[in-house]
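The chain contents come next:
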Amino acid sequence: MAHRLTRALRDFTLLVMTAVLHVPAFEDNYIWLVRGRSADRVAIVDPGDAGPVLEALARLRLTPVAVLCTHHHGDHVGGIPGLVRHFPLPVYGPAREAIPGITHPLKGGDEVALPELGLSLNVIDTPGHTAGHIAYHGDGMLFCGDTLFSAGCGRLFEGTAGQMHGSLKRLSALPAHTEVYCAHEYTESNLRFALAVEPDNADILGYRNEVAALRSRGLPSLPSTIARENAVNPFLRSHRAQVRAAAENFAQQTLDSDQEVFATLRRWKDTFRG
Ligand SMILES: [Zn+2]
């Protein structure tokens, strides 16, 4: 009984306070439910699994109005068929990728109007993790899928380091206060790598403590902000002297451009065990 009351109170607080709710899925995915200015309607971002989304919608009495996908990987789109069986939802996603049930193929520069939520989101091309990956930005929020993680970035499965570096530079230039909603909870392990690159960075050390406190209470480390990512994320900091020096030390050679520094960091992280 006490447990149910606590849970009801927590749900109520979430609904009053929060424009974006999180649904944990699989090992470490977050499916975001974006309310914007609506009381009881949401857009669903990257639903890899329908089950936990349907459960959250029912428990919180929320009505979905759209699905937004960032890229074609199964842990981001696998829940779409199960959701559209229950709700007649428009499905937005990258035009260049195979998204199940897609109704609105998008490319960089397009706009997604969600009047039910009082929101309009701009589409940003962010290739690198996959060839057609897109991100959604608007109203002080960024949904960046597997391109930008807090203190990290996605692996290069289909794109080049140059593409990913360009994508991250576009995200890095967004307004500093922008809230960053990544699709995975990788922050703690990413921070171990960030500290290997910049052991003396006070922002990383402080953030590591904040994240540890949140995670020990079972809370997400997200959203982050663009300001924070610019301060702690080595993949947004390849133009910094200390980051370049660390990458050159790893590569045992001089690196001639920020993009080479970025590519070296990505290779280093792929084999990093911290
Ligand atoms: Zn992915």
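This one's a predicted model, so the numbers in the text were calculated from it and none came from an experiment.

(A) Geometry of the sheet that holds strand β2 (residues 29-34). Strand order across the open sheet formed by six strands is β1-β2-β3-β4-β5-β6, with mixed pairing between neighbours. Across the chains shown, the open sheet's two edge strands, defined by having one partner strand only, are β1 (20-25) and β6 (104-106). The average angle at which neighbouring strand axes cross in this sheet is 25°, direction not considered. Where strand β5 (residues 91-94) lies against β6, three bridges are found, and the strand directions are parallel. The residue bridging Y92 from the neighbouring strand is H104, located in β6. Contacts from helix α2 (residues 50-60) reach β1, β2, β3 (41-45) and β4 (63-68) within the one sheet, and its direction differs from that of β1 by about 140°.

(B) Examining the environment of A66 more closely. Its location among the elements puts A66 in strand β4. Relative accessible area serves as the criterion here: at 0%, A66 is assigned to the buried category. Sequence-distant contacts of A66, defined by excluding residues within four places in its chain, comprise V42, A43, I44, L89, P90, Y92 and L114.

(C) Region of the structure containing the coordination of the zinc ion. Around the zinc ion, the donor atoms from the protein are H71 (NE2), H73 (ND1), H129 (NE2) and D146 (OD), and they sit 2.2 to 2.3 Å away. Metal-centred angles of 90 to 169° between the four donor atoms at the zinc ion mark the site as irregular. Counting residues between consecutive donors of the zinc ion along the chain gives the motif H-x1-H-x55-H-x16-D. Linking H73 in the loop between β4 and α3 (74-77) with D146 in the loop between β10 (141-143) and β11 (148-149), this pair joins segments that are 73 residues apart in sequence. Under the relative-accessibility criterion, H73 is labelled buried at 18%. Using a relative accessible area of 4% as the deciding quantity, one classes D146 as buried.

(D) Focus on the side chain of H184. Tracing the chain through its elements places H184 in the loop between β13 (179-181) and α6 (187-197). A relative accessible area of 5% means that H184 is categorised as buried. At a separation of 2.9 Å, a polar atom in the side chain of H184 contacts the side chain of D28. Side-chain polar atoms of H184 contact the side chain of Y186, separated by 3.3 Å.

(E) Quick peek at helix α9 (residues 241-251). For α9, the complete set of buried residues consists of V243, A246 and A247. When α9 is viewed along its axis, its buried side chains cluster within an angular range of 95° and face the same direction. The outward face of α9, more than 90 degrees from its buried face, is lined by the exposed residues A241 and N249. Next to the buried residues of α9 lie α6 and α10 (258-271). Of the residues trailing α9, Q252 is marked for its positive phi of about 55°.

(F) Summary view of the packing of aromatic side chains. One pass over the full model with this rule turns up nine aromatic pairs. Between W32 and Y181 the ring centres are 4.9 Å apart and the planes differ by 75°, which places this aromatic pair in the edge-to-face class. Within this pair, whereas W32 is found in strand β2, its partner Y181 is found in strand β13, the two being separated by 149 residues in sequence. Between F235 and F262, the ring centres sit 5.8 Å apart and the planes meet at 75°, which makes this aromatic pair edge-to-face. Linking F235 in the loop between α8 (226-232) and α9 with F262 in helix α10, this pair joins segments that are 27 residues apart in sequence. For the pair formed by F235 and F262, the shared burial category is buried. Of the aromatic side chains, those joined through ring pairs into one cluster are F193, F235, F250, F262, W268 and F272.

What counts, and at which threshold
- Residues numbered from 1 in each chain as written.
- Predicted model: local features only at pLDDT ≥ 70, side-chain atom pairs only at ≥ 80, totals over all residues.
- Heavy atoms only, no water.
- Pairing = 2+ DSSP bridges.
- Helix = DSSP H or I, 4+ residues; strand = E, 2+ residues; numbered from the N terminus.
- Axes fitted to C-alpha atoms, helices over the stretch in contact; angles between N-to-C directions.
- Contact = heavy atoms within 4.5 Å.
- Buried < 20%, exposed > 50% of the residue type's maximum accessible area, 1.4 Å probe, protein only.
- Donors = N, O, S within 2.8 Å, 3.2 Å for Na, K, Ca; no water.
- Tetrahedral: all angles 85-135°; square planar, octahedral: opposite > 155°, others 65-115°.
- Polar contact = N/O pair within 3.5 Å; in protein donor to acceptor, adjacent residues only side chain to side chain.
- Arc of directions from axis to C-beta.
- Phe/Tyr/Trp six-rings, centres within 6.5 Å; stacked < 30°, edge-to-face > 60°.

Any functional reading would require information that these geometric values do not contain.
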